[in-house]
Amino acid sequence: MLNKEFKRKDVERMRNLIKGKSGESAETQVGYTSKKEDRKEGDVWEENGKKWIIKDGIKQTYTKLDEIKKEAILPLFCPNCGTLMKKRNDSKMYKLHKKCFDCVIEMEHKLKIEGKYEEYEKNMMANNAEDYINDFESYLLEALNTSNTQFVSEAGEVERWKGGIDKEKLSKEIKQAASEFRESINKFRNKTNDQA
Ligand SMILES: [Zn+2]
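All values reported here derive from a predicted model rather than from experimental measurement.

Chemist: Can you help me understand the coordination of the zinc ion in this one?
Modeler: Metal coordination angles have textbook ideals: 109.5 degrees for a tetrahedral set of four donors and 90 or 180 degrees for an octahedral set of six. Protein coordination at the zinc ion: the donors are Cys78 (SG), Cys81 (SG), Cys100 (SG) and Cys103 (SG), at 2.2 to 2.3 Å from the metal. The coordination sphere of the zinc ion comprises 4 donor atoms, whose angles at the metal cover 104 to 115 degrees; the geometry is tetrahedral. Within one chain, the residues serving as donors to the zinc ion are arranged as C-x2-C-x18-C-x2-C. Here cysteine 81 is found in the loop between α2 (62-72) and α3 (90-97), whereas its partner cysteine 103 is found in helix α4 (residues 101-113), with 22 residues between them in sequence. For cysteine 81, a relative accessible area of 39% puts it in the partly exposed group.

See the structure below:
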């Protein structure tokens, strides 16, 4: 078992990180040998050939953020029907289906007529759950690899351990848990497809 050290000053430090005041009241820890520069919210820098940023108090790669941004950008025209996407629901639908709201309505209407709507709906649910697990897994693995002395728990709290953490063991555990989730999602997906 790891020797967990979670003190009042850690809570305070986390609070400062969230408020964008990283560094304030953070003490040098015994056994913490690696040089650490104080970073604050929005800081961007390069390290080990990667671009990093402090976002929401958490160190993360800048590239990933770029990809998320790209993903969220709405093209002017629907790739499916070519009309201008300017309606309120277009952006939400594009993120999910890569087409405009009207195209999604039409597609779903067609599926209802063909009796395939329920299968489609359940697949959408399975896909969403899968996306969530994949994101959560990579978030945890990334958080784990940014520091040797802290770990972001499931509840989003930063926890610290004396003497560092066993990255290999924790990575394995995270991957194991994620693959179990994916397995149950697949079971759910296959079950619905058989019934349909
Ligand atoms: Zn369209």
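Picking up after the structure, the text goes on.
Chemist: What's the story with the side chain of aspartate 90 in this structure? I'm lost.
Modeler: With respect to the secondary-structure elements, aspartate 90 resides in helix α3. In this structure the side chain of aspartate 90 is engaged in a polar contact, spanning 3.1 Å, whose partner is the backbone nitrogen of lysine 86. Beyond its immediate sequence surroundings of up to four residues, aspartate 90 is in contact with Leu74, Leu84, Met85, Lys99, Cys100 and Phe101.

Chemist: What is the right way to read the environment of tryptophan 52 from this model?
Modeler: With respect to the helices, strands and loops of the structure, tryptophan 52 is situated in strand β2 (residues 50-55). Sequence-wise, tryptophan 52 and glycine 42 are 10 residues apart; in three dimensions their C-alpha atoms are separated by 9.7 Å.

Chemist: How should I be thinking about the confidence of the model for the chain in this particular structure?
Modeler: Parts of the prediction with low pLDDT should not have their coordinates interpreted in detail. With 58% of its residues at a pLDDT of at least 70, the chain reaches an overall mean of 72. Mean pLDDT values for the elements of the chain range from 55 in helix α1 (residues 8-18) up to 96 in α4. Below a pLDDT of 50 lies the segment residues 1-6, which in the model reaches 17 contacts outside its immediate sequence neighbourhood of four places, other chains included. Confidence drops under pLDDT 50 across residues 18-35; counting only partners more than four residues distant or on other chains, this segment forms 20 contacts.

Chemist: In this structure, what is going on with the environment of leucine 170? I would like to understand it.
Modeler: One can find leucine 170 in helix α6 (residues 167-195). Classification of leucine 170 by relative accessible area gives buried; the value is 13%. Separated by 26 residues in sequence, leucine 170 and leucine 144 place their C-alpha atoms 8.1 Å apart.

Chemist: Whenever I open this one, the packing of α3 against α4 confuses me. Can you help?
Modeler: Angle between the axes and distance between the axes are the two parameters that describe a pair of packed helices. Following both chains from N to C, one finds α3 and α4 inclined at 60 degrees, their axes separated by 8 Å at the closest point. Taken together, the axis directions place α3 and α4 in an arrangement best described as oblique. Within the contact between the two elements, α3 uses Asp90, Met93 and His97 and α4 uses Phe101, Val104 and Met107. Tallied by class, residues from the contact of α3 with α4 come to 4 nonpolar, 1 polar and 1 charged.

Chemist: Is there a simple way to explain the pattern of salt bridges in this structure?
Modeler: Side chains that differ in sign of charge can pair as their charged atoms come close. Tallied over the full model, the rule gives 5 salt bridges. Lysine 87 serves as the salt-bridge partner of aspartate 102, at 3.2 Å between the closest nitrogen and oxygen. Of this pair, aspartate 102 sits in helix α4 while lysine 87 is found in the loop between α2 and α3, placing the two residues 15 residues apart along the sequence. A salt bridge links lysine 116 to glutamate 114, with the shortest nitrogen-to-oxygen separation between them at 3.7 Å. You can call lysine 116 partly exposed: its relative accessible area is 42%. Using a relative accessible area of 44% as the deciding quantity, one classes glutamate 114 as partly exposed.

About the criteria used
Residues numbered from 1 in each chain as written. Predicted model: local features only at pLDDT ≥ 70, side-chain atom pairs only at ≥ 80, totals over all residues. Heavy atoms only, no water. Donors = N, O, S within 2.8 Å, 3.2 Å for Na, K, Ca; no water. Tetrahedral: all angles 85-135°; square planar, octahedral: opposite > 155°, others 65-115°. Helix = DSSP H or I, 4+ residues; strand = E, 2+ residues; numbered from the N terminus. Buried < 20%, exposed > 50% of the residue type's maximum accessible area, 1.4 Å probe, protein only. Polar contact = N/O pair within 3.5 Å; in protein donor to acceptor, adjacent residues only side chain to side chain. Contact = heavy atoms within 4.5 Å. pLDDT = per-residue confidence, 0-100. Axes fitted to C-alpha atoms, helices over the stretch in contact; angles between N-to-C directions. Parallel < 35°, antiparallel > 145°, perpendicular 65-115°, else oblique. Nonpolar A, V, L, I, M, F, W, Y, C, P; charged D, E, K, R; others polar. Salt bridge = Lys/Arg side-chain N within 4 Å of Asp/Glu carboxyl O.

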